[in-house]
Structures are given as structure tokens and as C-alpha cells.
Amino acid sequence: GAIAPAALASYQGTAVLLVGLLAGQFVLYLLAVWLVGRVSRRLALGTLLALTALVQAVLLPLPGVFTTDLFSYAMYGEIAGRFGGSPYVQAPSDYPNHPLYLLINPLWRDAPSVYGPVWIAISSLVGATLGGQLLAETLAYRLLADLSHWLNLAVLWWALRRLRPGAEPRGLALYAWNPLVLFEFAG
């Protein structure tokens, strides 16, 4: 409250604070990407990988404040994997007493799944294995997102090695440390 009292007083103040923080993150991000090109390749890659893992670890316990998609994934996964139903026919509103139901955005409570069959298959594995354990499920989806980020880094590394040899550290930094990418994957 002492740092940004207006943010506590209104949604508009909170929005201004969020935009200011994102702008500050982008300044630091651009500085970091510039610095990656100024240090040895080995130091750049080690720092890149270590900081990426650190940011993911810090963001892992972040509550689902900006989206409720994670809870939809879990609900559709439980419909398929735990309850044996079809998330393409059944909606979260078919389970109004389920703890996930109230966590899903009201706009999506009556909607069958909009996610593709591969994602539903993955979600059903999580639902079958961890269904009913809200914290474990949400952490599993967060870890899946983090794993996807690392897989994207591997694909990007492979592509840069072939298309722009020597540009791998900066190219990886542009993707790995982008505040919006980190927020989407880790947050």
C-alpha cells in the first residue's frame, strides 16, 4: 500500500500499476538481451538457463489471478479422466457441487470444451491421476506449461543453430525472458 496507494483504492489504479510494472520489466528485459550479446557465449547460456529456471520457480506458486483457464483445463480433465464423461458433451455446470465449478469464469461454466483432442487427452491423464486434489492439479498444469517453455527453447536453439549460428544466446534470451511469454507460461 505504501508503494502504490492508488492501486489499492481502485481498479484503474491497479491497472496503471500493472502497466507500469510491465513497462519496467520490458526495460530490464531489453537491457538483459543487450547484455547477453556482450558476454561470452558460455556465460550467456548459463545465465539464461539459470534465470529462466529461477523465474519459473518464483512464478510457480502465483495464484491464478489473471485467468481461470487453468481451472477449466482441470475440470474438463476430470470430466474425461475421473468421471468417464466427454468434455465435448458435458459442461462444468453438470457438476455444480465440484470445487472447481466456482473457480471457472461464469461465461464458461455452461460450455463444453473448446480444447482439441490432444489437450483433452493430456488433461484427462491429469484428471485421472490427480482429480479431486485442486492444488496438485493446478501445479501439474503449471509444470506442464513450464515444460512446454523448455521444449520451445530446445526447438528455438535447434533452429537458431541451423539458421543463425552464433545468435543462439540472444535469440533464446529474446524468447525466454520476454515478460509476456514468462507471464503466459509460468504465470
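Residues numbered from 1 in each chain as written. Predicted model: local features only at pLDDT ≥ 70, side-chain atom pairs only at ≥ 80, totals over all residues. Heavy atoms only, no water.

Caption draft 1: Up close: the overall build of the protein chain. Helix and strand counts for the protein chain stand at 8 helices and 0 strands. Tracing the protein chain from N to C terminus, the helices and strands come up as α-α-α-α-α-α-α-α. Expressed as lengths along the three principal axes of its C-alpha atoms, the size of the protein chain is roughly 55 × 45 × 25 Å. Burial analysis of the protein chain (187 residues in total) assigns 33% to the buried set. Once local pairs closer than 6 in sequence are excluded, the contacts in the protein chain between residues at least 24 apart make up 65%. Separation between the mean location of the 10 positive side-chain charges and that of the 8 negative ones in the protein chain comes to 21 Å. (Helix = DSSP H or I, 4+ residues; strand = E, 2+ residues; numbered from the N terminus. Buried < 20%, exposed > 50% of the residue type's maximum accessible area, 1.4 Å probe, protein only. Contact = heavy atoms within 4.5 Å. Lys, Arg positive; Asp, Glu negative; His and termini not counted. Charge placed at Lys NZ, Arg CZ, Asp CG, Glu CD.)

Caption draft 2: Layout of the nonpolar core. Residues F71, M75, Y76, I79, L100 and Y141 are the most contacted members of the largest nonpolar core, which totals 14 residues. Taken together, the elements giving at least two residues each to this core come down to α4 (69–81), α5 (117–130) and α6 (134–163). The element that contributes the greatest number of residues to this core is α4, accounting for 6 residues. Among all residues touching F71, those that are not within four sequence positions of it are L100, L103, I104, L134 and T138. (Core = buried A, V, L, I, M, F, W, Y, C linked by side-chain atoms within 4.5 Å.)

Caption draft 3: Broad picture of a nonpolar patch on the surface. The grouping of L28, L31, W34 and L35 at the surface amounts to a nonpolar patch, some 400 Å² of accessible area in total. Residue placement: L35 occurs in helix α2 (residues 11–36). L35 sits in the partly exposed class, given a relative accessible area of 41%. (Patch = residues over 30% accessible without salt bridge, like charges linked within 9 Å, V, L, I, M, F, W, Y side chains within 5 Å. Areas by Shrake-Rupley, 256 points an atom, 1.4 Å probe, with all protein chains shown as cover. Salt bridge = Lys/Arg side-chain N within 4 Å of Asp/Glu carboxyl O.)

From the geometry alone we can't say anything about function, so treat these as descriptive.
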